[in-house]
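# A structural walkthrough
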Amino acid sequence: MDSIQDISNFSTTKKTYVTIGTFDGVHFGHQKIIEKLVLEAKKAKKKSVLLTFFPHPRMVLQKDNSLELINTIEERAELLKKTGLDYLIIHPFSKEFSRMTALEFVRDILVNQLNISKLIIGYDHHFGKNREGNIVQLTEYSHLYDFTVEEIPAQDIDDVSVSSTKVRRALTEGNLKTANNYLGYNFMLTGTVVNGKQLGGKIGFPTANIDVKENYKLIPKTGVYVVQSIIENKTVFGMMNIGNRPTVDGTHQTIEVHFFDFNKDLYNKILTIELLYFLRDEKKFSSIKTLIEQIKTDEKTARIYIKNNL
């Protein structure tokens, strides 16, 4: 898959099959659309193209700083690489771009830039200035510009029972198993290992403090999780705490990972942490000694989970 920043950097003499959307989460519902696109494009000997936008339109048009996305744009691109797409185009979303009419979008983007042969979209897709474009207009323009449109019926998407909203809700409620089932992969956090207060090392459980720089990235419910990460091409398991560390009077949320059977310097490395299982809620313990006893219990439970499930 070729990943292209800005649609103006894309050109092809070959006809394309295209889908458009945010695709946050790249969950089963999204995968169904992409799978259909890739399969049909190959059968027709055309190129498959997914056009997405960043920043999210709500961040630009509504200046919505509360928006939490399941994936960072880098994570989304990595997930889409696995789908068999020929091209991923990430176009910068701006106020100027949002003013493009439905006709201009079809003519200038789909026809002139993407050389479209077929558009496959999800149910109730809207586009263009003030979201004025819909399936009716797309069908009209498709006759004018000689391409076809296929809308995935609501029933097909509903059958999968997945939406980005449902995934977000499951993650914020601690229903990790449900979220991972919806996604079809393990929810992940990607960040840089930074210096912490090294309290974990002092109590026998050294941790890697993960700094997720994207403030729009959804951080799941506070608590303790079983996790895994690929470090130096090896899968390393561990447990992660998301929370404010109330037992040691923490003042802000941190993400700390204790890796099992691993002792290497990870500072400044970028790690992707996959969340496998929700162990327990965060709580304040009466003493450091009680906290250490609980962490030991957590590790035993985590190791049993890993042994029996992975």
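Above this text sits the structure in question.
A brief report on the enclosed structure follows. In this text the structure is predicted, and so the values were computed from the model without any measurement. (Residues numbered from 1 in each chain as written. Predicted model: local features only at pLDDT ≥ 70, side-chain atom pairs only at ≥ 80, totals over all residues. Heavy atoms only, no water.)

## As for the nonpolar core
Within the largest apolar cluster, 52 residues are counted, with the highest numbers of intra-cluster contacts made by Phe187, Ile210, Met240 and Phe259. The leading source of residues in this core is helix H1 (residues 28-43), at 5 residues. The residues contacting Phe187, other than those within four sequence positions of it, are Ile70, Leu171, Leu176, Asn180, Lys217, Leu218, Pro220, Ile273, Glu274 and Leu275. One finds Phe10, Ile20, Leu114 and Leu119 within the second-largest nonpolar core, a separate group that totals 28 residues. (Core = buried A, V, L, I, M, F, W, Y, C linked by side-chain atoms within 4.5 Å. Buried < 20%, exposed > 50% of the residue type's maximum accessible area, 1.4 Å probe, protein only. Helix = DSSP H or I, 4+ residues; strand = E, 2+ residues; numbered from the N terminus. Contact = heavy atoms within 4.5 Å.)

## Some thoughts on H1
Helix length check: H1 (16 residues) gives 22 Å between terminal C-alpha atoms against 22 Å at 1.5 Å per residue, within 8%. Listed as buried for H1 are Gly29, His30, Ile33, Ile34, Leu37, Val38, Glu40 and Ala41. Backbone geometry just downstream of H1 places Lys45 in the positive-phi region, at approximately 60 degrees. (Expected span 1.5 Å × (residues − 1).)

## As for the sheet that holds strand E2 (residues 16-20)
Pairing in this open sheet of 6 strands is parallel, and the strands run E1-E4-E3-E2-E5-E6 from one edge to the other. Across the chains shown, the open sheet's two edge strands, defined by having one partner strand only, are strand E1 (2-5) and strand E6 (148-151). On average, adjacent strands in this sheet sit at an angle of 20 degrees to one another, irrespective of strand direction. Bridge analysis of strand E3 (residues 47-54) against strand E4 (residues 87-92) gives 6 bridges, and the strand direction is parallel. Looking at the pairing, Leu51 lines up with Ile89 of E4. (Pairing = 2+ DSSP bridges. Axes fitted to C-alpha atoms, helices over the stretch in contact; angles between N-to-C directions.)

## Describing the environment of Gln62
Structurally, Gln62 is set in the loop between helix H2 (57-61) and helix H3 (73-81). With relative accessibility at 55%, the residue Gln62 sits in the exposed group. Taking the C-alpha atoms as reference points, Gln62 and Ile73, separated by 11 residues in sequence, lie 19 Å from one another.

## Things to note about the sheet that holds strand E7 (residues 188-194)
Spatially, E7-E8-E11-E10-E9-E12 is the arrangement adopted by the 6 strands of the closed barrel, whose pairing is antiparallel. Shown here is a sheet whose adjacent strand axes are inclined to one another by a mean of 45 degrees, direction ignored. Where E7 and strand E12 (residues 270-280) come together, 5 bridges link them in antiparallel fashion. Paired with Gly191 across the strands is Leu271, a residue of E12.

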